[in-house]
Amino acid sequence: MKLTLSDEQARFGATLHDLLDAADVPAASRAWAAGDAVPGCAVWRRLADAGVTALAVPEKWGGLEASPADLVVACEELGHHALPGPAMETVAAVPALLAALGGAAAERWLPALASGEALATLAAPPWLPYAVDADTAGVSLLAARPAGAADLLASGSPTAAARLPGATGATGAIVARPARAAVGVWVGVVGEAVASVDPTRRLFELGPGEMLADDAGGAVGRALDLGALACAAHLLGAGRAMLETAVEYAKQRVQFGQPIGRFQAIKHALADVAVGLEFARPLLYAAAVTLTPRDVSAAKVACASAAHRAARAALQVHGAIGYTEEYGLGRWLTRVRALMAAWGTSSDHRARVLATLTAQAEPWS
Amino acid sequence: MNIVVLVKQVPDSGAERNLRTDDNTVDRGSASNVINEMDEYAIEEALRIQEAHGGEVTILTMGPSGAAESIRKALSMGPDKAVHVVDDALHGSCALATSKVLAAALGTLNADLVLCGAESTDGRVQVLPHMLAERLGVAALTGARKLTIDGSALTIERQTDEGYEVVTAQTPAVVSVWDTINEPRYPSFKGIMAAKKKPVQALSLGDLGVAPSEVGLDGASSAVVEHSKRPPRSGGQKVTDEGEGGVKLVEFLATEKFV
């Protein structure tokens, strides 16, 4: 098992960092949150030129068919810059799902995803109750069990549930279906907008449109695992960005006659953040190698927890300025808060680790 | 068209740079070393010419073994191959000696066009393209902000403080470019992975038939006798505005001959 990056992977990450550094992501984020996706999509097109959107697409549909480790390198850098847009969906989960479905669905969208012409989003309750940026994405997919209407209801989306196949029509009614109904995949019909803690994540309900597959549990499960892996990488990158910002600030901010970074309380807090991030990294890389549900879940839990610690410490080190919109730390704070719950909560993933350890087969939902 | 791009590895101009205390040469050991920024524009221009007219793009670097990292990075942008002139005897070479070595290396490459950055961010003398052209006996089109190619005819807009001059020449020629000429591409995933397999030929002074005595610190035509660190910035002069702050500002600007 190889848990270190190759020179080429490190160079790819550094290149994406340079690209995003020069692309004014903060301005694109502000516009994105205000409903103007144009500057953000321009950044996505540059990423597409660098190959990011083609990584998980098979070569026969114009992709690069890169390894999950390459994907992790890219996703960490997207999180490092808190790029707006449906990142995990576009670069990981949706290409993986479409490639697994194959046929007409793959033919229809994968070339556009690989070239960066379209962004993609996905709703897959309960891990992903809503679809991010479905108003901007060119491809919106819904993966659910028909009986998953119950999941949608539980997540507070009765209107979407009512539109699910097999719904009785009465809004709010829980559809009676066999518990083990097969997982279907539909083209998503964009519904109502829902508020997110992260203003750059514009959430939407998705209802089922054209059906693409009626029994795709395995494909959906693998796609969600790849998405969760990408999400873990995104979280790790966001954590790293906040550590860097906080360390820089601690060196500049003077209080009681010296930079606050000289105080042990600050030093220890930031050291704990650094240790947390570096200990999460091997789990992330291991999951990229094995892609087993257990390793992906371990990586998601570790990266979410390390990023959360980074967010709390960074906010505290910054003091009141960290809360201000102008300073920009909030882009990472809210992103981490949102992603801790998306792609499976830490409880979901801990349960999955437990289930595999105790040898109880547990599917993705 | 056969294009050779000269690429120099330099200490990052955005980070702290030092001269060595023992021999007054650039301290590469402690620096973060990168491709000379202006050379990235030369690589981009070469790739655009290749896309339009075909041919081959070769990177030519003279530098220590650590420069191999910059060569791989340059190759990841798209050039086909690279030549690395590496020899311990080259340490401390002056511009004149550098041009001699590069001219010898170019003699093996049969280039129609030699592209390079107008200056390096560490040396900043801008003289190398001229020396090289003189040694090769070809035209020097320097400081270009635009380059157009029509068959074997080259036309550049040479950037000056007042505007630009139109200069023409025939291939083969040496063309140096400023950062106004294009927007260099970022290496793509494909380019980075492909760069790993591209050929990099290492040449020593012996391979080029250049005597070690002609290059290096001892063979240098110029010498750095001593150096000292730039003094730390002083506090500056504060003007308190008591109704005549504007006048004081103008007076200051006048003494500095800004107005």
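Residues numbered from 1 in each chain as written. Chains lettered and ligands numbered in written order. Predicted model: local features only at pLDDT ≥ 70, side-chain atom pairs only at ≥ 80, totals over all residues. Heavy atoms only, no water.

**Side note on the UniProt feature "domain: Electron transfer flavoprotein alpha/beta-subunit N-terminal" (unreviewed entry) in chain B**
As annotated by UniProt and renumbered to match this structure, "domain: Electron transfer flavoprotein alpha/beta-subunit N-terminal" (unreviewed entry) occupies residues 23–212 of chain B. Between the first and last C-alpha atoms of residues 23–212 of chain B the distance is 18 Å; the span itself is 31% helix and 29% strand. (UniProt positions renumbered as here; feature names shortened; annotations may be inferred. Helix = DSSP H or I, 4+ residues; strand = E, 2+ residues; numbered from the N terminus.)

**So, the UniProt feature "domain: Acyl-CoA dehydrogenase/oxidase C-terminal" (unreviewed entry) in chain A**
Per the UniProt record, "domain: Acyl-CoA dehydrogenase/oxidase C-terminal" (unreviewed entry) is found at residues 221–355 of chain A. Secondary structure content for residues 221–355 of chain A is 79% helix and 3% strand, and the end C-alpha separation is 16 Å.

**Some words on the interface of chain B and chain A**
Of the residues lining the interface, eleven residues belong to chain B; the matching set on chain A comes to 15 residues. Here chain B meets chain A over a buried area of about 1,200 Å², counting both sides, of which 68% is carbon and sulfur. Interface area lost by chain B to chain A is led by Tyr186(B), Phe189(B) and Ile192(B), which between them contribute 56%. Joining chain B to chain A, the criterion identifies one salt bridge. Ionic pairing is found between Arg11(A) and Glu69(B), a salt bridge with its closest N-O pair at 3.3 Å. Listed by contribution, the elements that provide at least two residues to the side of chain B that touches chain A are helix H2 (68–76) and helix H5 (189–195) of chain B. The element that contributes the greatest number of residues to the side of chain B that touches chain A is H5(B), accounting for four residues. Within the side of chain B that touches chain A, the residues separate by chemical class into five nonpolar, one polar and five charged. (Contact = heavy atoms within 4.5 Å. Buried area = accessible area lost by both parts, 1.4 Å probe. Salt bridge = Lys/Arg side-chain N within 4 Å of Asp/Glu carboxyl O. Nonpolar A, V, L, I, M, F, W, Y, C, P; charged D, E, K, R; others polar.)

**A closer look at the UniProt feature "domain: Acyl-CoA dehydrogenase/oxidase N-terminal" (unreviewed entry) in chain A**
UniProt marks residues 6–117 of chain A with the feature "domain: Acyl-CoA dehydrogenase/oxidase N-terminal" (unreviewed entry), using the numbering shown here. Across residues 6–117 of chain A, helical content stands at 69% and strand content at 0%; the span's end C-alpha atoms are separated by 29 Å.

**Looking at unusual backbone geometry**
For the peptide bond that leads from Pro125(A) to Pro126(A), omega is 10 degrees, which places it in the cis range. Following the sequence through the fold, Pro126(A) ends up in the loop between strand S1 (120–123) and strand S2 (131–132). Across the junction of Thr171(B) and Pro172(B), the peptide omega takes the value -5 degrees, indicating a cis bond. The residue Pro172(B) is located in the loop between strand S9 (164–170) and strand S10 (173–177) in this model. Non-glycine residue Ala82(A) carries a positive phi angle of around 45 degrees. Within the fold, Ala82(A) resides in the loop between helix H4 (68–80) and helix H5 (87–101). The phi angle at Arg124(B) is positive, at roughly 60 degrees, despite the residue not being glycine. If you trace the backbone, Arg124(B) turns up in the loop between strand S6 (113–117) and helix H4 (128–136).

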